[in-house]
Amino acid sequence: TTPINENGEMEQWQTTLIGTLSGFVTGLLLEPIKFHLASKLRKSALRNDLYDHLGRIRYALIRYESLAASHSPEKLVDPLFDPKAPLYEVSTDLFDDTFEKDKATLYSLPEYSVFKLLYYKIRRIREALDAGESEENLLALVREFENDLKRFTTERTLNVTRLDQGTRVHRRRMVARINSY
């Protein structure tokens, strides 16, 4: 039984104790749920960022392949035009930063091994570009990357819809940027 004072109410210390205990128990029960939800949100955000980044890189590589072709309109108009320009946009910064700061979330992605391999290939392309390798070597590396993308999407280890969405977004941005000139 709970002692009640002359006004028909519980004592102050009793209401404080009950409130504290109920808050503690509620917090204790909800903490694992909060952790799980936060982890799931981080994982989803990282996956979206990586697919968007891969879409941007894929679009840059597609542009490079078309500009490296001998009949590229840009080459005909401007003899100083550098077909390698799109490759300078390619980087592994997002993957590298995430690997340093949040390995656990990165490892928990089902596509982690695919992302790891693709970013390794991207790093190889960038290193070849920085080393001044020939256009033939760069094209071979780009085509190898594209073949891996096709293989992973065929095997369904990479979500082709998300990847295509990222590529389309960056294509639209580039067209808008070109049209603004």
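See the structure printed just above.
Residues numbered from 1 in each chain as written. Predicted model: local features only at pLDDT ≥ 70, side-chain atom pairs only at ≥ 80, totals over all residues. Heavy atoms only, no water.

Asks: Hey, could you run me through the side chain of threonine 105 in this one?
Replies: Tracing the backbone shows threonine 105 in helix 4 (residues 103–108). Within the structure, the side chain of threonine 105 is placed 2.8 Å from the side chain of aspartate 102, a separation counted as a polar contact. Excluding residues within four positions of it along the chain, threonine 105 makes contact with Arg42, Lys43 and Leu46. (Helix = DSSP H or I, 4+ residues; strand = E, 2+ residues; numbered from the N terminus. Polar contact = N/O pair within 3.5 Å; in protein donor to acceptor, adjacent residues only side chain to side chain. Contact = heavy atoms within 4.5 Å.)

Asks: Any chance you could explain unusual backbone geometry here in plain terms?
Replies: Not every positive phi belongs to a glycine, and arginine 156 is a case in point at roughly 65 degrees. As for its position among the elements, arginine 156 is in the loop between helix 6 (135–154) and helix 7 (160–179).

Asks: Please clarify how helix 6 should be interpreted in this entry.
Replies: For an α-helix the count is 3.6 residues per turn, leaving residues at separations of three or four pointing the same way. With 20 residues, helix 6 should reach 28 Å at 1.5 Å per residue; the first-to-last C-alpha distance of 28 Å fits that figure. Regarding helix 6, the residues found buried are Leu138, Leu139, Leu141, Val142, Phe145, Glu146, Asp148, Leu149 and Phe152. Turning to helix 6, the residues buried within the fold contact helix 1 (12–68), helix 5 (112–130) and helix 7. Note on helix 6: the residue one or two positions beyond its end, arginine 156, has a positive phi of about 65 degrees. (Expected span 1.5 Å × (residues − 1). Buried < 20%, exposed > 50% of the residue type's maximum accessible area, 1.4 Å probe, protein only.)

Asks: Looking at this structure, I do not really get the nonpolar core. What am I missing?
Replies: If you look at soluble globular proteins, the nonpolar side chains tend to sit buried side by side. Counting 32 residues, the largest nonpolar core has Leu87, Phe115, Phe145 and Leu158 as its most contacted members. Sorting the residues of this core by element identifies helix 1, helix 5 and helix 6 as the ones contributing at least two each. Not counting residues up to four positions away in its chain, the partners in contact with leucine 87 are Leu61, Tyr64, Ile125, Arg126, Leu129, Leu138 and Val142. (Core = buried A, V, L, I, M, F, W, Y, C linked by side-chain atoms within 4.5 Å.)

Asks: Please clarify how the pattern of salt bridges should be interpreted in this entry.
Replies: Should their charged atoms come close, side chains of opposite charge can pair. Inspection of every chain in the model, using the stated rule, returns twelve salt bridges. One salt bridge connects arginine 123 with aspartate 96, and the closest N-O pair in it is separated by 2.5 Å. With arginine 123 in helix 5 and aspartate 96 in helix 3 (residues 93–101), this pair connects stretches of sequence that are 27 residues apart. Between lysine 121 and aspartate 148 there is a salt bridge; the shortest N-O distance is 2.7 Å. One end of the pair, lysine 121, is in helix 5; the other, aspartate 148, is in helix 6, and 27 residues separate them in sequence. Among the residues examined, lysine 121 registers a relative accessible area of 11% and is labelled buried. Exposure remark for aspartate 148: the relative accessible area of 10% places this residue in the buried category. The network of salt bridges with common partners includes Lys121, Arg124, Glu144, Asp148 and Arg151. (Salt bridge = Lys/Arg side-chain N within 4 Å of Asp/Glu carboxyl O.)

Asks: So what exactly am I meant to see when it comes to the packing of helix 1 against helix 6 here?
Replies: Helix packing for two helices is described by the angle between their axes and how far apart those axes are. Contact pair helix 1 / helix 6: the axes reach a minimum separation of 11 Å and the direction vectors enclose 135 degrees. Judged on the interaxial angle alone, helix 6 and helix 1 are oblique. Regarding helix 1 and helix 6, the two cross each other, and that crossing is left-handed. Facing Leu54, Ile57, Arg58, Leu61, Ile62, Tyr64, Glu65 and Ala68 of helix 1, the residues of helix 6 in contact are Glu135, Leu138, Leu139, Val142, Arg143, Phe145, Glu146 and Leu149. (Axes fitted to C-alpha atoms, helices over the stretch in contact; angles between N-to-C directions. Parallel < 35°, antiparallel > 145°, perpendicular 65-115°, else oblique. Left-handed = near helix turned anticlockwise from the far one by under 90°.)

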